[in-house]
Each structure stands twice: as structure tokens, then as C-alpha cells.
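Each chain, written out:
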Amino acid sequence: QVQLAESGGGLVQPGGPLRLSCVASGTIYSINAMGWYRQAPGKQRDLVASINSNGGTNYADSVKGRFTISRDNAKNTMYLEMNTLKPEDTAVYYCHAAIRPAGWGPPYDYWGQGTQVTVSS
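S.K.: Would you explain the pairing of strand β1 (residues 2-7) in this entry?
M.R.: Burial of the side chains of β1 is restricted to one face: V2, L4 and E6 are buried, whereas none of Q3, A5 and S7 on the reverse face is. Strand direction decides the pairing type here: β1 and strand β3 (residues 18-26), joined by six bridges, are antiparallel. If you follow S7 over to β3, its bridge partner there is S21.

S.K.: Mind showing me how you'd approach the pairing of strand β11 (residues 115-119) here?
M.R.: Here is the key point about a regular strand: its side chains alternate between the two faces of the sheet. Across the two faces of β11 the burial differs, with T115, V117 and V119 buried and Q116 and T118 not buried at all. Where strand β9 (residues 91-100) meets β11, three bridges bridge the pair, whose relative direction is antiparallel. Across the sheet, residue Y93 finds its bridge partner in β11, namely T115.

S.K.: How should the pattern of salt bridges be read in this particular structure?
M.R.: Pairing between side chains becomes possible if they bear opposite charge and their charged atoms approach one another. With the rule as written, the count across this model stands at four salt bridges. Of the charged contacts in the structure, one is a salt bridge between R38 and D89, with a shortest N-O distance of 2.9 Å. With R38 in strand β4 (residues 30-39) and D89 in the loop between β8 (77-82) and β9, this pair connects stretches of sequence that are 51 residues apart. When the shortest N-O distance is used, the salt bridge between D89 and R66 registers 2.8 Å. On the criterion of sequence distance, the pair formed by D89 in the loop between β8 and β9 and R66 in the loop between β6 (57-59) and β7 (67-72) is long-range, its members being 23 residues apart. Both residues of the pair, D89 and R66, count as buried.

Rules behind the numbers
Residues numbered from 1 in each chain as written. Predicted model: local features only at pLDDT ≥ 70, side-chain atom pairs only at ≥ 80, totals over all residues. Heavy atoms only, no water. Buried < 20%, exposed > 50% of the residue type's maximum accessible area, 1.4 Å probe, protein only. Helix = DSSP H or I, 4+ residues; strand = E, 2+ residues; numbered from the N terminus. Pairing = 2+ DSSP bridges. Salt bridge = Lys/Arg side-chain N within 4 Å of Asp/Glu carboxyl O.

Encoded structure:
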């Protein structure tokens, strides 16, 4: 079994920083792409940022220059550094990873349970 666990969400004032973490645990052979998604009330889940196994990154236009995604492959952990947060960043943030549980076969998609980020004064 593979599990993803997010942490680091909470309430922050506009303009403030917050750091999210996502740890993958269980039977893991390799982790391909990882990413952060977010879903605000009444809206669809959208990609915030992604990072591949070589460290290549991709960001939504709305967070470019403010958010930084990174990963520590030795710890099976991914991070999202969020700066200059805005009220419109308020959402549940989900961790996603494409993981091979064994040395053969395709990777499978796994999701965390989500962590709430609220930006408000």
C-alpha cells in the first residue's frame, strides 16, 4: 500500500508565507512526477505546480514567481513554498504522485487527503 500525507496547511494573513509538505510512504520502487493541486469551494481541482523525477518544474500562471515546488527523492517528500499569499489562494491543497510500487509495470496515481489553506485577515 502507498499513502501520501500532506501537512503544513493553516490560516495565514494576505502577503504571508506558508510551506506545505507531502510524504509518500509504503511499498515504493520509484516516484515519477509529483504535483500539487488545489480545489476551492464550488470549483474544479486545478494544477498548481508539478515536478518530475529530474527536478523539472511547471507552474500555473497564477502562482508563478510566488510559489516554489521542490522534492527530496531520498525522503520521498515534496514541498510547496508559498509566498505573497492572496485570498484567492484559499483552497484545499492536494498532493499527487505517480508511483511504481514494484520494479515492473506502469506507475499508478496516488492522492493525499488534502490540507486546507486559508488566506484571510
